[in-house]
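Chain residues, written in single-letter form:
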Amino acid sequence: MTRKADAEKAIRYLVSQWARKNGIAVGSVDMPSFYDFRSWLGREGYSHYLDFRSVMGPLEDAERWFDEELKQTWRN
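Notes on the structure in this doc start here.

Analysis parameters
Residues numbered from 1 in each chain as written. Predicted model: local features only at pLDDT ≥ 70, side-chain atom pairs only at ≥ 80, totals over all residues. Heavy atoms only, no water. Buried < 20%, exposed > 50% of the residue type's maximum accessible area, 1.4 Å probe, protein only. Helix = DSSP H or I, 4+ residues; strand = E, 2+ residues; numbered from the N terminus. Arc of directions from axis to C-beta. Contact = heavy atoms within 4.5 Å. Polar contact = N/O pair within 3.5 Å; in protein donor to acceptor, adjacent residues only side chain to side chain. Phe/Tyr/Trp six-rings, centres within 6.5 Å; stacked < 30°, edge-to-face > 60°.

## Some thoughts on helix α2 (residues 34–44)
Along α2, the residues classified as buried are F34, F37, W40 and L41. The buried residues of α2 all sit within an arc of 115° when viewed along its axis, so they share a single face. Turned more than 90 degrees off the buried face of α2, the exposed positions are Y35 and R43. Where α2 is buried, its residues meet α1 (4–21) and α3 (58–69). Of the residues that open α2, the one with a side-chain oxygen 3.3 Å from the backbone nitrogen of Y35 is S33. Where α2 terminates, the next one or two residues include G45, which has phi positive at roughly 85°.

This is how it looks when you write it as structure tokens:
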């Protein structure tokens, strides 16, 4: 199990890597898919970063970090 602080740091970094590889601009009007990002994490061997303790749940926290990194919090 990953520590939440370590998971957050890794997820935020990986979001930027995923966005760059997929031509997604930060703050764009497009609505990047957290589901696609999760699938990519699994394919690339990073899904262990979604295994941490969280009150809200690791997927909810990871999706929030995803939205914050891509400046998409207006969607929530």
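## Description of the packing of aromatic side chains
What characterises a pair of aromatic rings is the spacing of the ring centres plus the angle enclosed by the ring planes. For the structure on display, the rule yields 9 aromatic pairs. Residues F34 and F37 carry aromatic rings whose centres are separated by 6.2 Å and whose planes lie at 40° to one another, so their mutual orientation is tilted. Note that F34 and F37 are positioned in helix α2 at a spacing of 3 residues, about one turn of the helix. Taken individually, F34 and F37 each receive the classification buried, so the pair is uniform in this respect. Between W40 and Y46, the aromatic rings sit 6.0 Å apart at their centres with planes inclined by 40°, giving tilted as the arrangement. Residue class for W40 comes out buried when judged on its relative accessible area of 7%. A relative accessible area of 29% means that Y46 is categorised as partly exposed. In textbook terms, an aromatic cluster arises when at least three aromatic residues are bridged by ring pairs, as seen for W18, F34, F37, W40, Y46, Y49 and F66.

## With respect to unusual backbone geometry
Excluding glycine, residues mostly carry a negative phi; peptide bonds, for their part, are mostly trans. The phi angle at K71 is positive, at roughly 55°, despite the residue not being glycine. Here K71 shows up in the segment after α3. A residue is classified by how much of its surface remains accessible, and K71, at 53% relative accessible area, is exposed.

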